[in-house]
Amino acid sequence: METHKTYTVEEALKKMERYCSYQERCHKEVTQKLYTMRMIPEVIDHIVVKLMQDNFLNEERYAKAFVSGKFRIKKWGKQRLTRELKQKEIGKTLIAEALQTISDQDYLNTFHALAEKKAETIREKNPMKKKKKLADYLFYRGWESHLVYDKVNELF
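Worth saying up front: this structure is predicted, and the values here are computed from it rather than measured.

**Student:** Any chance you could break down the overall build of the chain for me, citing the residues and the numbers?
**Tutor:** Each helix and strand counted, the chain has nine helices and zero strands in total. Element order for the chain, N to C, with α for helix and β for strand: α-α-α-α-α-α-α-α-α. Here the C-alpha radius of gyration of the chain, 21 Å, is well above what a compact globule of 156 residues would show, namely 15 Å. Principal-axis analysis of the C-alpha atoms gives the chain an extent of 60 × 40 × 20 Å. Across the 156 residues of the chain, 36% fall into the buried class. Contacts spanning at least 24 positions in sequence make up 61% of the contacts within the chain whose residues lie at least 6 apart. About 10000 Å² of surface is accessible on the chain, with carbon and sulfur atoms providing 51% of the total. The positive charge centre, built from 32 side chains, and the negative charge centre, built from 23, are 7 Å apart in the chain.

Written as structure tokens, this is what we have:
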């Protein structure tokens, strides 16, 4: 017989405060964590509301942190960032607001640097296959099609 640790509302709240203090979280992550702790829906709602009131949980702050981190570190384009945030059930207005934090100049500079760096590493003789590999890589990273096609044609 398996026994699972049970938590009181206060214990669960403290655990979630630590969870949210460690790094920015979205509502969905917190809710999933509480479900894995076997909390009932009424308690989950209560804890989420309490975390929001105490400013441990803030979707706007989360979206901005997510966008800046994934853009800077993983070099994701706006399409991928939008897709990932939608999966985390972040609202369209918050997504748009978070994407505004990336300057157009930084965005284009990052795109060109990423495309050129990747183009140098592709070891393919056939120019069409080379173009396709670079385009696929950039699409996977979430860059817009007009940027990708212009850059691929410019490089090859």
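**Student:** Which residues make up the packing of aromatic side chains, and what are the values?
**Tutor:** Counting across every chain of the model gives seven aromatic pairs. Residues F71 and Y107 carry aromatic rings whose centres are separated by 5.9 Å and whose planes lie at 20 degrees to one another, so their mutual orientation is stacked. Of this pair, F71 sits in helix α4 (residues 59-74) while Y107 is found in helix α7 (residues 104-121), placing the two residues 36 residues apart along the sequence. Of the residues examined, Y107 reaches a relative accessible area of 5% and is grouped as buried. Their ring planes at 70 degrees and their centres at 5.5 Å tell us that F139 and Y149 sit as a pair that is edge-to-face. Of the two residues, F139 is situated in helix α8 (residues 127-140) and Y149 in helix α9 (residues 145-155); the sequence distance between them amounts to 10 residues. With relative accessibility at 47%, the residue Y149 sits in the partly exposed group. Among the aromatic residues, ring-to-ring pairing joins F71, Y107, F111 and W143 into one connected group. Positioned above the aromatic ring of Y19 is the side chain of R25, whose terminal nitrogen or guanidinium carbon lies 3.7 Å from the ring centre. Taking the ring centre of Y107 as reference, the NZ or CZ of K78 above it sits at 4.7 Å.

Criteria and cut-off values
- Residues numbered from 1 in each chain as written.
- Predicted model: local features only at pLDDT ≥ 70, side-chain atom pairs only at ≥ 80, totals over all residues.
- Heavy atoms only, no water.
- Helix = DSSP H or I, 4+ residues; strand = E, 2+ residues; numbered from the N terminus.
- Rg over C-alpha atoms; globule rule 2.2 N^0.38 Å.
- Buried < 20%, exposed > 50% of the residue type's maximum accessible area, 1.4 Å probe, protein only.
- Contact = heavy atoms within 4.5 Å.
- Areas by Shrake-Rupley, 256 points an atom, 1.4 Å probe, with all protein chains shown as cover.
- Lys, Arg positive; Asp, Glu negative; His and termini not counted.
- Charge placed at Lys NZ, Arg CZ, Asp CG, Glu CD.
- Phe/Tyr/Trp six-rings, centres within 6.5 Å; stacked < 30°, edge-to-face > 60°.
- Lys NZ or Arg CZ within 6 Å of the ring centre and 35° of its normal.

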